[in-house]
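Here are the chains, one letter per residue:
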Amino acid sequence: HLTNLLLQGLNAVLVGVFVLFLLRGKDSAKGIALTVALLFAVHPLHTEAVVWASGRKDLLAMFFFLGSINLFLLTLLTSRPPLHCGERGGGLSS
């Protein structure tokens, strides 16, 4: 059961990061993200996944889903558009 609690805590952190991505640029984004993460941590929607050992698959699925969504949003926010073949520095002829 300790692993389920650890996974629930990690999922709560990932939910907080996801809310930070959604509210980026807002003044109260950190406070709202912290509140949402704490509420998610102490009151899971699917309690059986946290308290039963057989519910670990749900927690793992949520962990990898939230992790992939957060990495996707991070990539969208930090990457620059790709260079095209006709531009300087792009293509095979440079």
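Residues numbered from 1 in each chain as written. Predicted model: local features only at pLDDT ≥ 70, side-chain atom pairs only at ≥ 80, totals over all residues. Heavy atoms only, no water.

Peer 1: Would you mind going over the side chain of Asn 70 in detail, with residue names and values included?
Peer 2: Along the chain, Asn 70 falls in helix α4 (residues 56-78). The class of Asn 70 is buried, set by a relative accessible area of 6%. Discounting residues that sit within four places of it in the chain, Asn 70 has contacts with Leu 14, Val 17, Phe 18 and Phe 21. (Helix = DSSP H or I, 4+ residues; strand = E, 2+ residues; numbered from the N terminus. Buried < 20%, exposed > 50% of the residue type's maximum accessible area, 1.4 Å probe, protein only. Contact = heavy atoms within 4.5 Å.)

Peer 1: Got a sec to walk through the nonpolar core? Specific residues and values, please.
Peer 2: Ala 12, Leu 14, Val 15, Val 19, Ala 33, Phe 40 and Leu 66 form the largest nonpolar core, which has 7 residues in total. Breaking this core down by element, the ones donating at least two residues are α1 (2-22) and α2 (29-42). Take this core: its biggest share by element is 4 residues, from α1. Excluding its chain neighbours within four sequence positions, the residues that come into contact with Ala 33 are Gly 16, Val 19 and Leu 20. (Core = buried A, V, L, I, M, F, W, Y, C linked by side-chain atoms within 4.5 Å.)

Peer 1: Help me get a handle on the environment of Phe 18, residues and values and all.
Peer 2: Here Phe 18 shows up in helix α1. Of the residues examined, Phe 18 reaches a relative accessible area of 25% and is grouped as partly exposed. As a C-alpha pair, Phe 18 and Ala 37 span 19 residues in sequence and 9.5 Å in three-dimensional space. With near-sequence residues (within four places) excluded, Phe 18 lies in contact with Ile 69, Asn 70 and Leu 73.

Peer 1: So, the environment of Thr 75: which residues are in play, and what are the values?
Peer 2: Position of Thr 75 among the secondary structure elements: in helix α4. In this structure the side chain of Thr 75 is engaged in a polar contact, spanning 2.8 Å, whose partner is the backbone oxygen of Leu 71. (Polar contact = N/O pair within 3.5 Å; in protein donor to acceptor, adjacent residues only side chain to side chain.)

Peer 1: Mind laying out the packing of aromatic side chains, listing which residues take part and the relevant values?
Peer 2: Applying the stated criterion across every chain yields a total of 1 aromatic pair. For the pair Phe 63 and Phe 64, a centre-to-centre distance of 5.3 Å together with 75 degrees between the ring planes defines the contact as edge-to-face. A relative accessible area of 24% places Phe 63 in the partly exposed class. The exposure class of Phe 64 is exposed, given its relative accessible area of 55%. (Phe/Tyr/Trp six-rings, centres within 6.5 Å; stacked < 30°, edge-to-face > 60°.)

Purely geometric stuff here, so don't read any function into it on its own.
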